[in-house]
Amino acid sequence: MLPAYACAILRCASTGALFVEERGADAPVAPSRLTCFGGKRERDETPLDAVRRELVEEMGWRPQALRQVVNL
């Protein structure tokens, strides 16, 4: 069974810096918190596809490569 949500913590390949999302105070979920990038997975969407879609929606960025490293 696939998870209902999928998210990503991004790491810069050259510096190792981690990137997370700082939610706005008016955000409906986790306001004023640091979170991973992502959201609810759509029907018949893989977790990696969900993360790719969410990154485009939230950041306007389409990564060249993503790798799943943990499954919670």
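Just so you know, these numbers come straight off a predicted model, no measurement behind them.

A. Inspection of the overall build of the chain at higher detail. Tallying secondary structure elements over the chain gives one helix and six strands in all. Seen in sequence order, the chain has helices and strands lined up from the N terminus as β-β-β-β-β-β-α. Radius of gyration (C-alpha) of the chain: 12 Å, near the 11 Å computed for a compact globule of 72 residues. Sequence separation of at least 24 residues holds for 38% of the intrachain contacts in the chain that already meet a minimum separation of 6. Accessible surface for the chain amounts to roughly 5,800 Å². Of this, 54% is attributable to carbon and sulfur atoms. The centroid of the 10 positive side-chain charges in the chain is displaced by 6 Å from the centroid of its 10 negative side-chain charges.

B. Examining a nonpolar patch on the surface more closely. Where nonpolar side chains cluster on the molecular surface, the patch consists of I9, L18, V20 and L34 and spans about 420 Å² of accessible area. Here L34 shows up in strand β5 (residues 34-35). Here L34 falls in the exposed class, since its relative accessible area comes to 63%.

C. How the structure looks around the state of the cysteines. Evaluated as defined, the whole model comprises one disulfide. With a sulfur-sulfur separation of 2.3 Å, C7 is cross-linked through a disulfide to C36. In this structure, the disulfide formed by C7 and C36 twists by about -100° around the S-S bond and is classed as left-handed. Residue C7 is located in strand β1 (residues 5-8), and its partner C36 is located in the loop between β5 and β6 (37-40); the two are separated by 29 residues in the primary sequence. We classify C7 as partly exposed; its relative accessible area is 46%.

D. Layout of the pairing of β1. Side chains of β1 alternate between two faces, with A6 and A8 buried and Y5 and C7 left unburied. Direction of pairing for β1 relative to β6: antiparallel, over a ladder of four bridges. Looking at β6, one finds that Y5 is bridged to K40.

About the criteria used
Residues numbered from 1 in each chain as written. Predicted model: local features only at pLDDT ≥ 70, side-chain atom pairs only at ≥ 80, totals over all residues. Heavy atoms only, no water. Helix = DSSP H or I, 4+ residues; strand = E, 2+ residues; numbered from the N terminus. Rg over C-alpha atoms; globule rule 2.2 N^0.38 Å. Contact = heavy atoms within 4.5 Å. Areas by Shrake-Rupley, 256 points an atom, 1.4 Å probe, with all protein chains shown as cover. Lys, Arg positive; Asp, Glu negative; His and termini not counted. Charge placed at Lys NZ, Arg CZ, Asp CG, Glu CD. Patch = residues over 30% accessible without salt bridge, like charges linked within 9 Å, V, L, I, M, F, W, Y side chains within 5 Å. Salt bridge = Lys/Arg side-chain N within 4 Å of Asp/Glu carboxyl O. Buried < 20%, exposed > 50% of the residue type's maximum accessible area, 1.4 Å probe, protein only. Disulfide = S-S within 2.5 Å. Pairing = 2+ DSSP bridges.

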